[in-house]
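What follows is each chain in one-letter form.
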Amino acid sequence: MGRLFSIIRQFKNLLLFVFLQIMCLVMLYNYNKTYHTIGSAMANQVSGAINNKFNGFNDYLYLKQTNEQLAKRLEQLSNNQPSVLDGPLSAVRTFADTSIVDTLGNKKITVRFRELLAKVTYNSLFADNKKNFIQIHRGTLDGIKKDMALVSETGAIAGRIVEVSNHYATAISLLNIDFKVSAKHGKSQVKGLIEWDGKSPDFVQLNNVPAGYQINRGDSIYTSSFSDIFPENRLIGTVDTAIKNKSSNFYTIKVRPSTNFYTFSYAYAIDNRDRDEQRKNLSDAQGLAKPPAKNK
Amino acid sequence: MSKPVKHILSALMLLFIQVFVLNKIGLLHGFIHPYVYFIFLLWLPFNISRTTLLFIGFFYGLSLDIFTKTQGLYAFACLWIAYLRPFLINLFIRQIGQDQNYYSPSIKSMGALRYLVLVTICTVLHHSIVQFILFLSIGGFFKFLFSIISYTVISLLLIVVIELLIPRKQNYKTNT
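In this text, all values refer to a predicted model and were calculated from it rather than measured experimentally.

Peer 1: An account of the packing of helix α3 (residues 50–68) of chain B against helix α4 (residues 73–92) of chain B is requested, with residue identities and associated values reported.
Peer 2: The geometry of a pair of packed helices is captured by two quantities: the angle between their axes and the separation between those axes. Residue and element names in this part refer to chain B. It is the contact of α3 with α4, at a shortest axis distance of 7 Å, that shows an interaxial angle of 155 degrees. As far as their axial angle goes, α4 and α3 are roughly antiparallel. Read as a crossing pair, α3 and α4 show a hand that is right-handed. Along its contact with α3, which presents Arg50, Leu53, Leu54, Gly57, Phe58, Tyr60, Gly61, Leu62, Leu64, Asp65 and Thr68, the element α4 presents Leu73, Tyr74, Ala75, Cys78, Leu79, Ala82, Tyr83, Arg85, Pro86 and Phe87.

Here you go:
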């Protein structure tokens, strides 16, 4: 026993080194899978507070662009409101799920999607591991939950929230190789999958679109109704190039995101209130569809 | 200013430069991402115990990880630097026992060329480890090789500039 202790004492630095290395690797590979490790909420809180301090300076530089974007958003929202002059027509017209008031000005009781304005405290574009993150100054105390959608000032999608602490929340950005969202082409309504290949922060890829459809430069790409995180018909971006891949008979489409990640300073977090029900329903159905276990 | 306070301040300064300047300027020529923060581990005194050095390396790397959301990646690379530093310093000091005469590794205490070789080895080590882990998860073999070389060149350039801008004054310590 004494020998064992003397060996441990002799190699204590090597053992400590190996132990800390294993700890690093465990953290690294667990985080990649679940985006959540021990103490990550605390780390989020600390980095959030510091990022927030330094963000003040950055915001000052982009005041003009932010102002323009907010004005645009205001215009969109005010166009969505029922006008007094519209008369009975407004009663027939269908409105987006996102409006909180109904045609009479009363608050709707069941709003499926609820938006919360948040300030962006951190946004990376050039992460070495191709995993960019957005941090916002809103947390559990403000009603932010995991798996809420994040859209930019103009309403175009920007990310998905993966980590929440009391006052801050972190989202994986559209520019993250782990981010995937179901999308559709505006004109033909053909569905595809938006992914980022990690090459340039100016473009994302739209995959799984069959070559039979007509897709042109400048066409809009929206979120589809398949997602239980993102509301339908939110702008993702516009088509930059669409090349038919002859071997696989699918398109290779480059999409320019409508979110300007370079001057991104305010975001809306969107909560889907039916999400749990949606997921439960789907998983129940999948459980039913499975063949029953064989009894022998 | 006492020595520990100086070390803490330089650690914070280098982290600040790494997180809010070098990580924000974008990729040089589309793919080069410079790193300078790990130079702090070489600035620590000669007579620091190896156990302390390992802990400092681990937590220093982890503090960068908190900002870049890469739990454990840079801590892993920093641990290697912290572990190999005493061996490398023993290889590169001018004469045996010289580490007793100066406070910490620098151009003055080790000689410009020897110090540069030490820094180069640590830079290559850091970039190889980080890029190798990223290569395992992302792929791209030639990008992996090319990024080690290009990142090292740019990082070394920045480190030399920092060393020239902030000369760390040291006196020759004697027993008398």
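Peer 1: Residue-level account of the side chain of A:Ser227, with values.
Peer 2: Within the secondary structure layout, A:Ser227 lies in the loop between β9 (220–223) and β10 (235–245). There is a polar contact of 3.0 Å between the side chain of A:Ser227 and the backbone nitrogen of A:Ile229.

Peer 1: An account of the nonpolar core is needed here, citing residue identities and associated values.
Peer 2: Counting 61 residues, the largest nonpolar core has B:Leu14, B:Tyr37, B:Ile39, B:Leu54, B:Phe58, B:Tyr60 and B:Leu118 as its most contacted members. At the level of secondary structure, the elements contributing two or more residues to this core comprise α2 (12–34) of chain A together with α1 (3–22), α2 (40–43), α3, α4, α6 (112–138) and α7 (141–165) of chain B. Here this core takes 13 residues from α4(B), the largest share from any one element. Those residues within four positions of B:Phe58 in sequence are excluded, and the remaining contacts are A:Leu20, A:Met23, A:Cys24, A:Met27, B:Ala75 and B:Leu79.

Peer 1: Can you tell me about the sheet that holds strand β11 (residues 250–257) of chain A, naming the residues and giving the values?
Peer 2: Strand pairing in a sheet relies on backbone hydrogen bonds. The paired strands run either parallel or antiparallel. One closed barrel holds the six strands; their spatial order is β6-β7-β8-β11-β10-β9 (chain A), and the pairing between them is antiparallel. Taken over all neighbouring pairs, the strand axes of this sheet differ in orientation by 40 degrees on average, direction set aside.

Peer 1: Just give me the short version of the sheet that holds strand β5 (residues 169–176) of chain A, but keep the residues and values in it.
Peer 2: Residues and elements named next belong to chain A. Read once around its circumference, the closed barrel built from six strands follows the order β1-β2-β5-β4-β3-β12, with strand pairing classed as antiparallel. Adjacent strand axes in the sheet meet at a mean angle of 45 degrees, parallel and antiparallel pairs treated alike. As paired strands, strand β1 (residues 113–123) and strand β2 (residues 131–136) are joined by three bridges and run antiparallel to one another. Residue pairing across strands places Tyr122 opposite Gln135, the latter belonging to β2.

Peer 1: Just give me the short version of the packing of aromatic side chains, but keep the residues and values in it.
Peer 2: Per the stated rule, a full pass over the model turns up 23 aromatic pairs over all chains. When the centroid spacing of 4.4 Å and the interplanar angle of 45 degrees are considered together, the rings of A:Phe54 and B:Phe20 count as tilted. Here A:Phe54, found in helix α3 (residues 40–61), pairs with B:Phe20, found in helix α1, and the two come from separate chains. Of the residues examined, A:Phe54 reaches a relative accessible area of 36% and is grouped as partly exposed. Overall, B:Phe20 belongs to the buried group, its relative accessible area being 17%. With a centroid separation of 6.1 Å and 55 degrees between ring planes, the pair formed by B:Phe132 and B:Phe144 is classed as tilted. Of this pair, B:Phe132 sits in helix α6 while B:Phe144 sits in helix α7, and the two are 12 residues apart along the sequence. Residue classification places B:Phe132 among the partly exposed positions, given a relative accessible area of 39%. One aromatic cluster is present, formed by B:Tyr35, B:Tyr37, B:Phe38, B:Phe40, B:Tyr60, B:Tyr74 and B:Tyr151 through successive ring pairs.

Quick notes on the rules
- Residues numbered from 1 in each chain as written.
- Chains lettered and ligands numbered in written order.
- Predicted model: local features only at pLDDT ≥ 70, side-chain atom pairs only at ≥ 80, totals over all residues.
- Heavy atoms only, no water.
- Axes fitted to C-alpha atoms, helices over the stretch in contact; angles between N-to-C directions.
- Helix = DSSP H or I, 4+ residues; strand = E, 2+ residues; numbered from the N terminus.
- Parallel < 35°, antiparallel > 145°, perpendicular 65-115°, else oblique.
- Left-handed = near helix turned anticlockwise from the far one by under 90°.
- Contact = heavy atoms within 4.5 Å.
- Polar contact = N/O pair within 3.5 Å; in protein donor to acceptor, adjacent residues only side chain to side chain.
- Core = buried A, V, L, I, M, F, W, Y, C linked by side-chain atoms within 4.5 Å.
- Buried < 20%, exposed > 50% of the residue type's maximum accessible area, 1.4 Å probe, protein only.
- Pairing = 2+ DSSP bridges.
- Phe/Tyr/Trp six-rings, centres within 6.5 Å; stacked < 30°, edge-to-face > 60°.

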